[in-house]
Amino acid sequence: MSELDLSLSVKELDAYLAERRAARVATVGPDGTPHVVPLWFVWHGGALFLNSTLGNPTVEHMLRTGTAAAVIDDGDEYEELRGVVLRGRVERLGDTAPPDVERAWSNKYMGGGEVPYRRWRNRTWFRLTPVRTASWDFRKIPAAKARRDAARRREED
């Protein structure tokens with residue numbers, strides 16, 4: 001049986017990540033233990049921008065290893081499942097993000113208003129640049145099966 005292509009196109013991936021609100025970010029502790037937390041994010045220019053507090057395990061792990069993975073997914077029924085897994089390099093940006101990223105953050109989470117983390121102590125920004133991306137959209141299964149079956153019928157003729 002041929003494999004069904006259920007991946008998101010670049011345009012679909014960009015649109016999907018623009019609408020989703022939380023990423024589950026995975027890091028690895030010094031003893032090799034996985035650590036996963038939900039974080040808000042902005043997808044911009046092919047990178048995931050994250051904001052968190054200095055000193056917490058996620059930040060400490062990213063600073064130590066320079067790597068992280070994130071999954072963003074949704075769907076309740078099997079036929080609705082879709083998502084993205086991003087794995088890559090993490091870079092600390094400091095206490096501010098590029099202005100367009102901060103604007104996007106404000107629009108996405110604060111309705112265009114002031115972002116509260118400016119009032120919080122010890123906040124820092126990270127950019128996760130994916131080196132590997134995997135995506136799926138199970139809503140594509142019927143169309144993918146129809147294309148596969150049509151191709152098989154053509155081969156038989």
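This write-up is about the structure you can find in this document. Worth saying up front: this structure is predicted, and the values here are computed from it rather than measured.

Details of the nonpolar core
Point 1. Ranked by size, the top nonpolar core spans 31 residues in total, and within it Leu17, Phe41, Leu48 and Ile72 carry the most contacts.
Point 2. Ranked by the residues each element gives to this core, the list is headed by strand 2 (residues 34–44), at five residues.
Point 3. With residues up to four places along the chain from it excluded, the contact list for Leu17 reads Phe41, Trp43, Ile72, Val84 and Lys108.
Point 4. If you look at the next biggest cluster of nonpolar residues, it comprises five residues, including Leu4, Leu6, Ile141 and Ala144.

Here's the deal with the pairing of strand 2
Point 1. Of the strand pairs in this sheet, strand 1 (residues 22–28) and strand 2 are connected by seven bridges, and their pairing is antiparallel. When the sheet's bridge partners are listed, Val25 is paired in strand 2 with Val37.
Point 2. Taken together, strand 1 and the strand that follows it, strand 2, pair antiparallel across an intervening segment of five residues, in which Gly32 is found at a positive phi of about 90°.
Point 3. Looking at chain direction, strand 2 and strand 3 (residues 47–53) are connected through four bridges and run antiparallel. Residue pairing in the sheet places His44 in a bridge with Ala47 of strand 3.

Brief notes about the packing of aromatic side chains
Here the distance between the centres and the angle between the planes together describe a pair of aromatic rings.
Point 1. Here the structure, examined in full by the defined rule, presents four aromatic pairs.
Point 2. Measuring from centroid to centroid gives 4.8 Å for Tyr78 and Phe138, while their planes differ by 55°, and the two rings are tilted. Of this pair, Tyr78 sits in the loop between strand 4 (67–74) and strand 5 (82–94) while Phe138 sits in the loop between strand 6 (123–137) and helix 4 (141–156); the two residues are 60 residues apart in sequence, bridging distant segments of the chain.
Point 3. By relative accessible area, Phe138 is classed as buried at 17%.
Point 4. Here the aromatic rings of Trp105 and Tyr109 are separated by 5.0 Å at their centres, their planes lie at 55°, and the arrangement is tilted. Here Tyr109 and Trp105 lie together in helix 3 (residues 99–110), a separation of four residues that amounts to about one turn.
Point 5. Given the relative accessible area of 4%, Trp105 is considered buried.
Point 6. Among the aromatic side chains, those forming a connected cluster through ring pairs are Trp40, Trp105, Tyr109 and Trp125.
Point 7. Of note, Arg21 hangs over the ring of Trp40, and the distance from its end group to the ring centre comes to 5.4 Å.

The rules we used
- Residues numbered from 1 in each chain as written.
- Predicted model: local features only at pLDDT ≥ 70, side-chain atom pairs only at ≥ 80, totals over all residues.
- Heavy atoms only, no water.
- Core = buried A, V, L, I, M, F, W, Y, C linked by side-chain atoms within 4.5 Å.
- Buried < 20%, exposed > 50% of the residue type's maximum accessible area, 1.4 Å probe, protein only.
- Helix = DSSP H or I, 4+ residues; strand = E, 2+ residues; numbered from the N terminus.
- Contact = heavy atoms within 4.5 Å.
- Pairing = 2+ DSSP bridges.
- Phe/Tyr/Trp six-rings, centres within 6.5 Å; stacked < 30°, edge-to-face > 60°.
- Lys NZ or Arg CZ within 6 Å of the ring centre and 35° of its normal.

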